[in-house]
4 protein chains.
Amino acid sequence: MSAELEDIHEECGIFGVWGHPDAARLTYFGLHALQHRGQEGAGIVSNDNGNLIGHRGKGLLTQVFSDEREIQRLKGSHSIGHVRYATAGSGGSDNIQPFIFRFHDGDMALCHNGNLTNCPSLRRKLEDEGAIFHSNSDTEVLMHLIRRSSKPTFMDKLKEALNTVHGGFAYLIMTEHAMIGALDPNGFRPLSLGKMTNGAYVLASETCALDTVGAELVRDIRPGEIVVVDDSGYHIDHYTDQTQLAICSMEFIYFARPDSNIYGVNVHSARKRMGARLAQESPVDADMVIAVPNSSLSAASGYSEEAGLPNEMGLIKNQYVARTFIQPTQELREQGVRMKLSAVRGVVKGKRVVVIDDSIVRGTTSKRIVQMLKEAGAAEVHMRISSPPLKYPCFYGIDISTTKELIAAEKSVEEIRDYIGADSLAFLSLDGLVESIGLGADAPYGGLCVAYFNGDYPTALDDYEADFLKSLTPDDRVRLPEFALYKSKYEGNEYQALPQA
Amino acid sequence: MSAELEDIHEECGIFGVWGHPDAARLTYFGLHALQHRGQEGAGIVSNDNGNLIGHRGKGLLTQVFSDEREIQRLKGSHSIGHVRYATAGSGGSDNIQPFIFRFHDGDMALCHNGNLTNCPSLRRKLEDEGAIFHSNSDTEVLMHLIRRSSKPTFMDKLKEALNTVHGGFAYLIMTEHAMIGALDPNGFRPLSLGKMTNGAYVLASETCALDTVGAELVRDIRPGEIVVVDDSGYHIDHYTDQTQLAICSMEFIYFARPDSNIYGVNVHSARKRMGARLAQESPVDADMVIAVPNSSLSAASGYSEEAGLPNEMGLIKNQYVARTFIQPTQELREQGVRMKLSAVRGVVKGKRVVVIDDSIVRGTTSKRIVQMLKEAGAAEVHMRISSPPLKYPCFYGIDISTTKELIAAEKSVEEIRDYIGADSLAFLSLDGLVESIGLGADAPYGGLCVAYFNGDYPTALDDYEADFLKSLTPDDRVRLPEFALYKSKYEGNEYQALPQA
Amino acid sequence: MSAELEDIHEECGIFGVWGHPDAARLTYFGLHALQHRGQEGAGIVSNDNGNLIGHRGKGLLTQVFSDEREIQRLKGSHSIGHVRYATAGSGGSDNIQPFIFRFHDGDMALCHNGNLTNCPSLRRKLEDEGAIFHSNSDTEVLMHLIRRSSKPTFMDKLKEALNTVHGGFAYLIMTEHAMIGALDPNGFRPLSLGKMTNGAYVLASETCALDTVGAELVRDIRPGEIVVVDDSGYHIDHYTDQTQLAICSMEFIYFARPDSNIYGVNVHSARKRMGARLAQESPVDADMVIAVPNSSLSAASGYSEEAGLPNEMGLIKNQYVARTFIQPTQELREQGVRMKLSAVRGVVKGKRVVVIDDSIVRGTTSKRIVQMLKEAGAAEVHMRISSPPLKYPCFYGIDISTTKELIAAEKSVEEIRDYIGADSLAFLSLDGLVESIGLGADAPYGGLCVAYFNGDYPTALDDYEADFLKSLTPDDRVRLPEFALYKSKYEGNEYQALPQA
Amino acid sequence: MSAELEDIHEECGIFGVWGHPDAARLTYFGLHALQHRGQEGAGIVSNDNGNLIGHRGKGLLTQVFSDEREIQRLKGSHSIGHVRYATAGSGGSDNIQPFIFRFHDGDMALCHNGNLTNCPSLRRKLEDEGAIFHSNSDTEVLMHLIRRSSKPTFMDKLKEALNTVHGGFAYLIMTEHAMIGALDPNGFRPLSLGKMTNGAYVLASETCALDTVGAELVRDIRPGEIVVVDDSGYHIDHYTDQTQLAICSMEFIYFARPDSNIYGVNVHSARKRMGARLAQESPVDADMVIAVPNSSLSAASGYSEEAGLPNEMGLIKNQYVARTFIQPTQELREQGVRMKLSAVRGVVKGKRVVVIDDSIVRGTTSKRIVQMLKEAGAAEVHMRISSPPLKYPCFYGIDISTTKELIAAEKSVEEIRDYIGADSLAFLSLDGLVESIGLGADAPYGGLCVAYFNGDYPTALDDYEADFLKSLTPDDRVRLPEFALYKSKYEGNEYQALPQA
């Protein structure tokens, strides 16, 4: 919830289907299950016998597709779609995906979840060669690389392009004859293949979208893989062997829907284990456990059961909060008007409460939560965070682009506690996190990317490296080269095998 | 959740403020906290020095007020507003409240939560005298009665009118010089008075709206009371002494927001007690407890703690479900496309689960939930309902208008279990409900209306009585006259005192 | 055009059809042909086997019905509709017609074109008897009168009500079993009955709407008549014999569409004759004639042909001018930004021009036109107005409610000429107007109301009389009682026969 | 009108301003005056200190900019805008201009009026080099050529690009530091430079837009010229000397607004001369002249004056016709429902009428007009067309892309007369057209392109040549090479000087 309220956003969710007579509508429902991954823009492109038809717009999926006719216009048996958190800036609606490209030899559409570490230099190089970009997004770069490749076949061109882009990416491509998914060598973002009872194949960012459309999971797409779905079925290829799983741990902590499974691990259950572990690591003598809704509900449940404390609804979130255009004035805010989150006086009054949250970003939300609970009469407020302190930016698709906005990058735990006004504060340990998730891959951190917690980035940082190093303290700089993943990347170690899902 | 999915609806939420420079905006936020009480229409009327200005529309509050200018146009320091569940029928947007009435001696606005038992006969009588109605709603009747009264003062006219209408009602009236609230003699609907730090008074259907706008609770409005708020403060009057508290028990079971307090009882805590009592009454040997989100979360938590079973997220509700215009085709539904509720395979597979739901209406939702859980691999599904079986219609504002749609009116518990396919099924006892809520008023059922469970209506049924009696079985008919409240009503027993909140 | 630019508005246009399977759609097209009579609101009510279904909204018809589904929802074989110029004030969208009334003995819908002279006193009286009004409009009054009548049959009640309301009115009523039209005793507003090839009957404010839907004119409805259309055909009745034709001369001058015929007189041809007569009465030595588009095109053509001068396009109106939300700032206006009307430099430069306009209201538009033409290089600008000077308010449906806003009420022709900066100015004579229109009814002014020109009102002014008399100069007051129509009204003279159309 | 009703469309209108504090709003009003040049899409890009901000959308300008905030968001002192007729096809809203391009060395925006003859081959060549196109439009090609040019300066790159594209074009470019306009070597499309009183410069497709924003004409941009406007004022450059004026004669006949001047010739006056010449060439014994509104009003006026016949309003166009979503069903059409154009029975009944129209495309509209007039009682209908028969496609920006849709390409005048059912039919001669317009340039046809009438194209047809030649009859093919302009193009004749405007 802190992550949510403090605007840490996943960039996107992607969904595609090949071989269903009502493909665009199905994509709509698939995207609907992925709406939590991006609420600022959405789009669907359908493939009607090779002719690509698209509709995109700003806002929630239900706003972009506010008319049955919009879906009916998207004829065809194959379709891909995208929901997006729109980054600030001048790009605006030009950045909404999927993008359609019109070529004399056939149309293509493309959408993308992730962030490239070498995008600025690739764009500059491509521009210097005459390429023209219409959006600010990283996504277009791949299409330019494909079109400029001198390789003989489309698959060869695509592989060359995928080896040229670095960082975190899950691409979904629609061509006249196939739907193609591709994942980066570290598998930062989840991507799963499913099959419907009518034989149609679907690709989705999370398994909850497979469940929503009634598809069975076939397999998770793994690092470095390309999956090609066409009328003959699906086919797995790969563009590199240099892979090492490092899936974003924030997917487990906050982004993914609790009913999704990632490499076989259920997200709700993982969060519950984080909460239980947190109760073991940082117990507190209190009257009740309170979740910060909605993302910390599972962790709070785990903490409560492990600690033997009742789990109460001491904070409530307005479920109709989305999309309000009317905002409180500053004066109303000072008078106590709050729309999103309320403390429940009847529950917390006079009680010693343990508040479970998934993360602390800037600390402003935590400070507000503590204040609300105290105003509502809580006797003591103990804050417990089901992940380690966030200290470093992410370069693979989460919009924490600078350490400056992270309170834990600047302050100690005790200083944060003092700032937010809690009676006590504790974070889950990094080991606790890794073991609670329990992915168990034969890779550092069990196959998780935990770089925002410890700075151990699984890849070279390319265009972002210079600025990042400048932002570090001397202590950090000494520590960094020792990190296992970082080292392996630079020293050319062989990557380890993936866990069997 | 069953109630929610199966379309049992509260009719309305009301909110008003007197004496705040940004009254309409404040009303917007107050209504926002009451949005769960009605999602089909909303309106706000402001009082700009006696001139009433209104804006109303279909849909969620955020849709009706989609533009800052709509709020700015509603100038003035006083304002009332309404959110509504639109009943079916031809009335359409003409039924959206508050209604504004233009008289040569000043404007008035009116909105209403509840249902009158003698509305059809009053309308007919008024029409026969030449009255013209613009809407299908019960609300207009009161204004006609006021205007036709021969009493000397407005307050006298109002009191006469309030004594003429029967049933359940919480009215909110805006005149040039005052904001007035009035509650029926049984207090079927909650209505609370609060005070802001700047001295403004607010009236709201639930205390959660007071909290949202930063107002302190002054007191709950009680049966038979009229509260008049004007520039001199607030003043409590009453139009009858023949009162007896019988607040709708469904407010505690399903309608009200968990953070609201009603006569001092916190709704979440009451639900938790219902869950705990249910665990005592109907224990089961199982691996986990699962809530049907969102309305059964509290009860599931209570059951889990009492039973010592883990509370798991085995069902998930899509939080972006509202307002979709795109619907699955029948074919997609058969292929398993579901938008609202999903079972979490990773959680329930192979487990014996206790599912906690707040109620069973038609049984179709329960049947679907059991089926989903079994398809997701649950070994056993035990359904536990945190209220007694719904058997009789409500005539005071909930849209259960006929016993025919209630599965428990026709089938025994065992027959329902068989129909929904659960391994076991149990309901909370009526005593359990009353004691869990613990309102403790010196009135039958501790001050609750439980008529949908046992047919013991706290008032005469007036225009609805003949049809209701016809719908009863001979057994029912024998039993009915013995009921305490029903009897007291017809035999003119004195009503009891209210509990001190 | 001056009338148009200076906001003289007709109140409404009405259209109805009985007996067509696609009645609401047909009504849409009929109203579309009447859009010039009101652009601020529109509505359609259909009669689906006695069940009335409505849709109303602000703006142009194309905005109110922006979706095919809105029309499809309006099922039924009978339908009435309304386009409206929304008067200022607090009523807002509550004033948009047709109004639907729900009674226990059946629904009714009602719409109205005109203005009642005794509406304020009727409303007050009805309110004192307990009637409640929802709108500011005159329309509701009729329904209250009908419902309160003690007469035995609906037709008797209606006739009594029609005899109670005074002033200008064309009503259209939809009941379960019939569509009814009714016209005031002076026939201030036009209303025509037509028949479609499939046998359906239509009623419309102007014959252009009959043409648009392919209906043949059956007959114009005459003063004091009621036309009842039902499944057996149409039937003409009357509620009074005290009738005397006094149709609004502004219908011929400015309001009506040029292709409409009123009592057999084509509007375009009448305007052309006004222009020709104006050329005879007030010739000028000039190089060309210029119309102020669009309403003066016909008159300019007549002037040009009679004067033997070329008819040039020296002023042009932007045909996309409607519904712009973006307005020039004051600064842009001063820099010369103009959206609606432009002078054509290439045409008028160095020329002596005769500008034909239909009327002068406040004079500000005429002043601006003269200025634009002079800035565009016109050597001389001679203004010729195809109607007499507007000096008195209208109480029958045109929104000139006070003499103060009329420049000719205060200034002589020479003073007006000086104010607008023209080289010469002349108005058509009253005789010239009456003879040009040539209605030829056996009634004062050939059957026209010319009260805005000479104060000779065809009816008592009722509630407006006191204020009107106060606004008059002593000269006016002396002159008034001599007027034929005014006199006839007060002295109870028998009304004359209508001309045979 | 026939052109209008039968969907001959100009592709676009462009407008730009440099150096005005309210630049985007001014551009809105400029585009509003050009709305007749394209009604399917509109956009504005503003330059806020080098940062380009855009807003584009489908529909009329008033629909795209339906909110004051949209204009306010477009900050900056410089702005360009575009209105567009959207060609059919899959491009949809991606084709709406101006396009914004984001480069590491600064943003650029581009819009365009016209059509390139070598666009397909340029696109193919660019694609083969790796270029990616986002739209179907010709416009993007120029930007790709600029970015791929190896010339040293931006102006050199631009000139190279302008020499590479062939056909008809008026480009408007916004860079960080300048607004640039460029016209093709034949000046097919008009483009004018104006100056406001505050010193700001504007560029517009037609002078009517200069008038609307209060700007004085500085000069028309001439074939082969580039105009650069920046903070130092304006500067005229040129990219080629091989120019020869061949401005689209349809601008004079139908497209341009009558108040616009093109190379000093007023469009209304030119049309009036066409009508007068037509009266001389093809007189007829009749009772009246009737224009097909709106585009033939001027020509009808000229015919009427020359012939000494009255000019009557025998056909009327609904001025609210735009943007209706509700359409008549086929059944209603057969019953005579017509929305756009009506015959005025009261005017034409029993009369011998001369109908003046600007062109005949497919003939279906003319046929319908004749039929409507005859049904309305016209005794004789004589059709006179104020331009020669349309026989050949246009490749420079009018969407007549094939001869097949042109009735005059297949039928003789007598055959057309028979098809449309008129009593007589005549077209203006080509000489009559050229002399009536009277542009008087020292170039073939006085500086007009008349290729749609005689096949004499002023440029090579490039990518369209093969298909065009195939579509010709043997007769045509023999005749074509003799044409002066065509020949001069191919034989490298020196182009002639422009007329002095």
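Rules behind the numbers
- Residues take numbers from 1 onward in each chain, read along the sequence in its written order.
- Each chain gets a letter, beginning with A, and each ligand a number, beginning with 1, in the order they are written.
- Only residues with pLDDT of at least 70 are given local features in this predicted model, and only at 80 or more are side-chain atom pairs given and counted; all residues enter the totals for whole chains, interfaces and linings.
- For side-chain calculations, the full set of non-hydrogen atoms in the structure is used, while hydrogens and water are omitted.
- Comment: elements are numbered from the N terminus, with helices defined as DSSP H or I runs of at least four residues and strands as E runs of at least two.
- Restricting the calculation to C-alpha atoms gives the radius of gyration, and the globule rule supplies 2.2 Å times the number of residues raised to the power 0.38.
- The buried label goes to any residue with under 20% of its type's maximum accessible area, the exposed label to any with over 50%, and the partly exposed label to all in between, with areas taken from a 1.4 Å probe on protein chains only.
- We call two residues contacting when some pair of their heavy atoms lies within 4.5 Å.
- Note on areas: these come from Shrake-Rupley sampling with a 1.4 Å probe, and a residue is covered only by the protein chains present in the view.
- The charge count treats Lys and Arg as positive and Asp and Glu as negative. His and the chain ends do not count.
- Where a charge lies is defined by one atom per residue type, namely NZ (Lys), CZ (Arg), CG (Asp) and CD (Glu).
- The fit set for superposing copies consists of C-alpha atoms from residues with pLDDT of at least 70 in both; the fit itself is least squares.
- In the sections that follow, a salt bridge refers to a side-chain nitrogen of Lys or Arg positioned within 4 Å of a carboxyl oxygen of Asp or Glu.
- UniProt positions are given in the numbering used here, feature names are shortened, and annotations may be inferred rather than shown by experiment.
- A simple way to read buried area is as the amount of 1.4 Å-probe accessible surface that goes missing from two parts once joined, with both sides added.
- Residues adjacent in sequence count toward polar contacts only when both atoms are side-chain atoms; beyond that, a polar contact is any pair of N or O atoms within 3.5 Å, and within protein one must be able to donate a hydrogen and the other to accept it.
- Under the scheme applied here, ten amino acids are nonpolar (Ala, Val, Leu, Ile, Met, Phe, Trp, Tyr, Cys and Pro), four are charged (Asp, Glu, Lys and Arg), and all others, including Gly, are polar.
- Each domain's extent was defined by an automatic or database domain assignment.
- The aromatic pairing rule takes the rings of Phe, Tyr and Trp, using the six-membered ring of Trp, and pairs them if the centres are within 6.5 Å, calling planes under 30 degrees apart stacked, those over 60 edge-to-face and the rest tilted.
- The criterion for a charge sitting over a ring is simple: Lys NZ or Arg CZ within 6 Å of the ring centre, and within 35 degrees of the ring normal.
- The criterion for strand pairing is that DSSP finds at least two bridges linking the strands in question.
- An axis is simply a line fitted to the C-alpha atoms; with a helix, the fit covers only the stretch in contact. Between two such axes, the angle follows the N-to-C directions and lies from 0 to 180 degrees.
- Angle categories are assigned with fixed cut-offs, so that under 35 degrees is roughly parallel, over 145 is roughly antiparallel, 65 to 115 is roughly perpendicular, and the rest are oblique.
- Handedness of a crossing follows from how the near helix is turned relative to the far one, being left-handed for an anticlockwise turn of less than a right angle and right-handed for a clockwise one.
- The length a helix should cover is 1.5 Å for every residue beyond the first.

Draft legend 1. Just the overall build of chain A, in detail. Secondary structure assignment for chain A yields 21 helices and 24 strands. The C-alpha radius of gyration of chain A comes to 23 Å, within 12% of the 23 Å expected for a compact globule of 501 residues. Dimensions of chain A along its principal axes, counting C-alpha atoms only, are 70 × 55 × 45 Å. The buried share of chain A, taken over its 501 residues, is 67%. Put simply, 70% of the contacts in chain A that link residues at least 6 apart link residues at least 24 apart. Carbon together with sulfur atoms contributes 46% to the accessible area of chain A, which is approximately 16,400 Å² in total. Distance between charge centres in chain A, computed from 49 positive and 66 negative side chains, equals 4 Å.

Draft legend 2. Region of interest: the relation of the copies chain D and chain C. Under the fitted operation, chain D is carried onto chain C by 0.0 Å of movement along the axis and a turn of 180°, and the coordinates agree to an RMSD of 0.0 Å. Viewed as a symmetry operation, the transformation between the two copies matches a two-fold axis. Ranked by how close their C-alpha atoms come to the rotation axis, the residues of chain D are headed by Gln319 of chain D, at 3.7 Å. Taken as a fraction of all interface residues of chain D, those also at the interface in chain C reach 100%, which identifies the copy contact as same-surface.

Draft legend 3. Seen up close, the pattern of salt bridges. On inspection of all chains with the given rule, the structure shows 108 salt bridges over all chains. The shortest N-O distance in the salt bridge between Arg417 of chain B and Glu414 of chain B comes to 2.9 Å. Note that Arg417 of chain B and Glu414 of chain B are positioned in helix 16 (residues 413–420) at a spacing of three residues, about one turn of the helix. Put simply, Glu129 of chain C and Arg148 of chain C hold a salt bridge, and the shortest N to O gap is 3.4 Å. With Glu129 of chain C in the loop between helix 5 (119–128) and helix 6 (139–148) and Arg148 of chain C in helix 6, the pair connects residues that are 19 residues apart, well separated along the chain. Connected via shared salt-bridge partners are Arg37, Arg189, Glu206 and Glu251 of chain A.

Draft legend 4. Representation of the UniProt feature "binding site: Mg(2+)" (unreviewed entry) in chain A. Residues and elements named next belong to chain A. Within the UniProt annotation, "binding site: Mg(2+)" (unreviewed entry) is assigned to Ser295, Asp357 and Asp358. Look at the named residues: they lie 64 residues apart in sequence, but the longest C-alpha span between them is just 7.9 Å, so in the fold they bunch up. By the element assignment, Asp358 lies in the loop between strand 21 (352–357) and helix 14 (364–375).

Draft legend 5. Looking closely at the interface of chain D and chain C. Counting from both sides, the interface comprises 70 residues of chain D and, opposite them, 71 residues of chain C. Per-residue buried area on chain D facing chain C is highest for Tyr320, Ile326 and Gln335 of chain D; these three make up 13% of the total on that side. Summed over the shared surface of chain D and chain C, the result is six salt bridges. Two residues, Glu312 of chain D and Lys272 of chain C, come together in a salt bridge whose shortest N-O distance is 2.4 Å. Taken together, chain D and chain C are joined by 16 residue pairs in polar contact (both at pLDDT 80 or more). A class-by-class count of the residues in the side of chain D that touches chain C yields 26 nonpolar, 29 polar and 15 charged.

Draft legend 6. Quick look at the domain arrangement of chain A. All names here are of chain A. We note that the domain assignment places domain 1 (13–243) and domain 2 (272–318 + 330–445) within chain A. Computed from C-alpha coordinates alone, the two centres of domain 1 and domain 2 are separated by 35 Å. Carbon and sulfur atoms supply 61% of the area buried between domain 1 and domain 2, which totals about 500 Å² over both sides. If you sort the residues of domain 1 by the area they bury against domain 2, Asn115, Phe188 and Arg189 come out on top, with a joint share of 62%. Joining domain 1 to domain 2, the criterion identifies zero salt bridges. Inspection of the domain 1/domain 2 interface yields two residue pairs in polar contact (both at pLDDT 80 or more). Going through the elements one at a time, strand 6 (106–116) and strand 7 (167–174) are the ones with two or more residues in the side of domain 1 that touches domain 2. A per-class count over the side of domain 1 that touches domain 2 returns two nonpolar, five polar and one charged.

Draft legend 7. Quick peek at unusual backbone geometry. For the peptide bond that leads from Gln97 of chain B to Pro98 of chain B, omega is -5°, which places it in the cis range. With an omega of -5°, the peptide bond running from Pro293 of chain D to Asn294 of chain D counts as cis. Locating Asn294 of chain D in the fold gives a position in the loop between strand 17 (288–291) and helix 11 (297–307). One non-glycine residue, Tyr445 of chain A, lies in the positive phi region at around 55°. Following the sequence through the fold, Tyr445 of chain A ends up in the loop between helix 17 (430–437) and strand 24 (448–449).

Draft legend 8. Here's a closer look at the UniProt feature "active site" (unreviewed entry) in chain A. Residue and element names in this part refer to chain A. Per the UniProt record, "active site" (unreviewed entry) is annotated on Cys12. Look at Cys12 and you get buried, because its relative accessible area is 3%. Leaving out residues up to four positions away in the same chain, Cys12 has contacts with Arg37, His82, Val83, Arg84, His112 and Asn113.

Draft legend 9. Structural view of the packing of aromatic side chains. Inspection of every chain in the model, using the stated rule, returns 61 aromatic pairs over all chains. Their ring planes at 50° and their centres at 5.4 Å tell us that Phe395 of chain B and Tyr457 of chain B sit as a pair that is tilted. With Phe395 of chain B in the loop between strand 22 (380–385) and helix 15 (407–410) and Tyr457 of chain B in the loop between helix 18 (451–454) and helix 19 (465–471), this residue pair connects regions lying 62 residues apart in the sequence. Note on Tyr457 of chain B: relative accessible area 1%, which makes it buried. With 6.4 Å between their ring centres and 65° between their planes, Tyr392 of chain C and Phe468 of chain C make a pair best called edge-to-face. Here Phe468 of chain C lies in helix 19 (residues 465–471) and Tyr392 of chain C lies in the loop between strand 22 (380–385) and helix 15 (407–410), a separation of 76 residues in the sequence. The rings of Phe188, Tyr392, Phe395, Tyr396, Tyr457, Tyr464 and Phe468 of chain A are connected pair by pair, giving a single aromatic cluster. The aromatic ring of Tyr419 of chain B is capped on one face by Lys367 of chain B, whose charged end is 4.4 Å from the ring centroid.

Draft legend 10. Just the sheet that holds strand 9 (residues 192–195) of chain B, in detail. Residues and elements named next belong to chain B. If you walk across this open sheet you meet the seven strands as 3-2-4-1-10-9-11, and the pairing is antiparallel. Each end of this open sheet is capped by a strand with a single partner; those strands are strand 3 (51–58) and strand 11 (216–220). Within the sheet, the average angular offset between the axes of one strand and its neighbour, ignoring direction, is 15°. For strand 1 (residues 12–18) and strand 10 (residues 201–204), the ladder comprises four bridges, and the chain directions are antiparallel. Residue pairing across strands places Val17 opposite Val202, the latter belonging to strand 10.

Draft legend 11. Structural view of the packing of helix 6 of chain C against helix 7 (residues 154–164) of chain C. All names here are of chain C. Orientation of helix 6 relative to helix 7, taken along the N-to-C sense of each, is 130°, at an axis distance of 8 Å. Between helix 6 and helix 7, the crossing angle belongs to the class labelled oblique. Once helix 6 is placed against helix 7, the crossing between them reads as right-handed. The segment helix 6 lies against helix 7, with Leu142, Leu145 and Ile146 engaging Phe154, Lys157, Leu158, Ala161, Leu162 and Thr164. Considering only residue class, the contact of helix 6 with helix 7 consists of seven nonpolar, one polar and one charged.

Draft legend 12. Up close: the pairing of strand 3 of chain B. Residues and elements named next belong to chain B. Direction of pairing for strand 2 (residues 41–48) relative to strand 3: antiparallel, over a ladder of eight bridges. Each residue of the ladder has a partner; that of Ile44, found in strand 3, is His55. A loop of two residues connects strand 2 with strand 3, the two strands running antiparallel in sequence, and Asn49 in this loop sits at a positive phi of about 55°.

Draft legend 13. Seen up close, helix 10 (residues 267–281) of chain B. All names here are of chain B. For helix 10, spanning 15 residues, the distance from its first C-alpha to its last is 21 Å, which sits close to the expected 21 Å at 1.5 Å a residue. The element helix 10 is largely enclosed, with a buried count of 12 among its 15 residues. For helix 10, the complete set of buried residues consists of Val267, His268, Ser269, Ala270, Arg271, Lys272, Met274, Gly275, Ala276, Arg277, Leu278 and Ala279.

Draft legend 14. Molecular detail of the side chain of Gln35 of chain B. Residue position: Gln35 of chain B is located in the loop between helix 2 (23–33) and strand 2. In contact with Gln35 of chain B, not counting residues within four places along its chain, are Tyr320 of chain A together with Leu60, Leu61, Thr62 and Val83 of chain B.

Draft legend 15. Fine view of the sheet that holds strand 3 (residues 51–58) of chain A. Residues and elements named next belong to chain A. Reading across the sheet, the seven strands line up as 3-2-4-1-10-9-11 and stay open at both edges, with antiparallel pairing between neighbours. Each having just a single partner strand, strand 3 and strand 11 (216–220) make up the two edges of the open sheet. Neighbour to neighbour, the strand axes of the sheet diverge by 15° on average, direction disregarded. In the sheet, strand 1 (residues 12–18) pairs with strand 4 (residues 78–84) via seven bridges, with the strands oriented antiparallel. Bridge pairing in strand 4 places Cys12 opposite Arg84.

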